Amino acid sequence: MTEPTEAAVKSEAFILLPHTVTDLDDFVENPDRYLVSMFNEPERAADLWRERLKKNPYGSDGFLSLTYYGHDLISADLWDEVSGIWHALLELVEEFIQKGSAERLFPDQPVPLRLRAKGRTALFSVNSQTAMVDPKDFIPGLLHEAVRYYSWIEQHLGTDENESIRYIHSIRSAFQAGFHSD
């Protein structure tokens, strides 16, 4: 019997409680005071999202926790519009597949996201934090987590996320058809 393998990429999306962050250090030290997990508390997160949409065109203000084999890829002080972060990550991967190097910005901050080939591996950077990743498990893992995120939105908010999910599948197909490491 084989041991189940650890997923290379794991994500957890959190919705920011309205009007809560006044101390960034406390936010980083005590995120549970400020954030609601979309996957652990889906009803509460969906209610916050819907409430935020009444006053703002984006309901997903929050934080995206992204790890690669347990290594944090996004620092805890970088909250933003989570759907926008996912969109930037997807565009980053799409361009990386095409060109071997890509850069995007967080939705509402001058925080660079970078992915560039380095031999058989790649360097993934968010701001000044960089991690070496293997595209063969990083990209499929990231795409899997993106589908999980958009499926959550569809299920809990009742919106049609078919376009986003089709986009993810097209990136996956391009990766499977055309990505070759040296």
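Visitor: Any chance you could break down the overall build of the protein chain for me, citing the residues and the numbers?
Guide: When you go through the protein chain residue by residue, the secondary structure sums to five helices and nine strands. Walking the protein chain from its N terminus toward its C terminus, one meets helices and strands in the order β-α-β-α-β-β-β-α-β-β-β-β-α-α. A compact globule built from 182 residues should have a C-alpha radius of gyration of about 16 Å, and the protein chain, at 16 Å, falls within 12% of that. With 182 residues in all, the protein chain has 46% of them scored as buried. For the protein chain, the proportion of contacts with a sequence separation of at least 24, taken over those separated by at least 6, is 54%. With the model as given, the accessible surface of the protein chain reaches about 9800 Å², and the carbon-plus-sulfur share is 49%.

Visitor: Account for the sheet that holds strand S7 (residues 112–118), with residues named and values stated.
Guide: Strand pairing in a sheet is mediated by backbone hydrogen bonds. Such pairs are either parallel or antiparallel. Spatial ordering of the open sheet is given by S6-S7-S8-S9, a layout of four strands whose pairing is antiparallel. Pairing within the sheet leaves two strands with one partner each, and these edge strands are strand S6 (101–105) and strand S9 (129–133). Pairs of neighbouring strands in the sheet enclose a mean axial angle of 15 degrees, with direction left out of account. As judged from the six bridges shared by S7 and strand S8 (residues 121–126), these two strands associate in the antiparallel manner. Counted as the bridge partner of Ala 117 is Ala 122 from S8. Where helix H3 (residues 82–99) meets the sheet, its contacts fall on S6, S7 and S8, and the angle it forms with S6 comes to roughly 160 degrees. Packing of helix H4 (residues 135–157) onto the sheet brings it into contact with S7, S8 and S9, and relative to S8 it is tilted by some 45 degrees.

Visitor: I'd love a proper account of unusual backbone geometry, names of residues and values included.
Guide: Even without glycine at this site, Tyr 69 takes up a positive phi of about 45 degrees. Considering the arrangement of structural elements, one finds Tyr 69 in the loop between strand S3 (61–68) and strand S4 (71–72). A relative accessible area of 42% means that Tyr 69 is categorised as partly exposed. Backbone geometry at Asn 127 places phi at a positive 60 degrees, although glycine is not the residue there. Note on placement: Asn 127 falls in the loop between S8 and S9. Overall, the relative accessible area of 38% leaves Asn 127 in the partly exposed class.

Visitor: Any chance you could break down the nonpolar core for me, citing the residues and the numbers?
Guide: Grouped together as the largest cluster of nonpolar side chains are 59 residues, with contacts concentrated most on Leu 66, Trp 86, Leu 89, Leu 115, Phe 124, Phe 138 and Tyr 149. Residues in contact with Phe 124, not counting those within four places in the same chain, are Leu 66, Leu 73, Leu 89, Leu 92, Arg 114, Leu 115, Gln 129, Thr 130, Ala 131, Val 133 and Phe 138.

Visitor: Could you give an account of the packing of aromatic side chains, with specific residues and numbers?
Guide: Overall, the coordinates contain seven aromatic pairs when judged by the stated rule. Both rings, one in Phe 124 and one in Phe 138, keep their centres 5.2 Å apart while their planes meet at 50 degrees; by these two values the pair is tilted. Residue Phe 124 is found in strand S8, and its partner Phe 138 is found in helix H4; the two are separated by 14 residues along the sequence. An aromatic cluster is built from Tyr 68, Tyr 69, Phe 124 and Phe 138, whose rings are joined through pairwise contacts. Cation over ring: Arg 148 sits above Phe 39, and NZ or CZ is 3.8 Å from the ring centre.

Visitor: Which residues make up the pairing of S6, and what are the values?
Guide: Looking at chain direction, S6 and S7 are connected through five bridges and run antiparallel. What sits directly across from Arg 104, in S7, is Leu 113. The antiparallel hairpin formed by S6 and S7 contains six residues in its connecting segment.

Visitor: Describe in detail helix H5 (residues 162–178), supporting the description with residues and values.
Guide: The terminal C-alpha atoms of H5 lie 24 Å apart, and with 17 residues this matches the ideal 24 Å at 1.5 Å per residue to within 8%. Looking at H5, one finds that the buried residues are Ile 165, Tyr 167, Ile 168, Ile 171 and Phe 175. The buried residues of H5 occupy an angular sector of 155 degrees when the element is viewed end-on, so they sit on one face. Projecting away from the buried face of H5 at angles above 90 degrees are the exposed residues Glu 163, Arg 166, Gln 176 and Ala 177. Among the structural elements, H3 and H4 are those in contact with the buried residues of H5.

Cut-offs applied
Throughout this document, residue positions are counted from 1 along each chain, in the order its sequence is written. Given that the model is predicted, a residue must reach a pLDDT of at least 70 before its local features are reported, and side-chain atom pairs must reach 80 or more before they are shown or counted; all residues, however, enter totals for whole chains, interfaces and linings. Side-chain metrics in this entry use all non-hydrogen atoms of the structure; hydrogen atoms and water are not considered. Where helices and strands are cited, they refer to DSSP runs of H or I of at least four residues and of E of at least two residues respectively, numbered from the N terminus. Radius of gyration means the value over C-alpha atoms here, while the globule rule gives 2.2 Å times the residue count to the 0.38 power. Residue exposure (1.4 Å probe, protein chains only): buried if accessible area is under 20% of the type maximum, exposed if over 50%, otherwise partly exposed. Any two residues whose heavy atoms approach within 4.5 Å are treated as being in contact. Note on areas: Shrake-Rupley, 1.4 Å probe, and residue coverage restricted to the protein chains presented here. Criterion used throughout: strands pair if DSSP finds at least two bridges between them. Lines fitted to C-alpha atoms define the axes here, with helix axes fitted over just the stretch in contact, and angles between the N-to-C directions of these axes take values from 0 to 180 degrees. Residues grouped as a nonpolar core are buried Ala, Val, Leu, Ile, Met, Phe, Trp, Tyr and Cys residues, joined through side-chain atoms within 4.5 Å. Only Phe, Tyr and Trp rings take part, Trp by its six-membered ring, and two of them pair if their centres are within 6.5 Å. Stacked means planes under 30 degrees apart, edge-to-face means over 60, and tilted covers everything else. Only when the NZ atom of a Lys or the CZ atom of an Arg is both within 6 Å of the ring centre and within 35 degrees of the ring normal do we say a charge sits over the ring. Residue count minus one, scaled by 1.5 Å, sets the expected span of a helix. As used here, the arc belongs to the directions running from the helix axis to the C-beta atoms.

No statement about biological role is implied by the geometric values presented.
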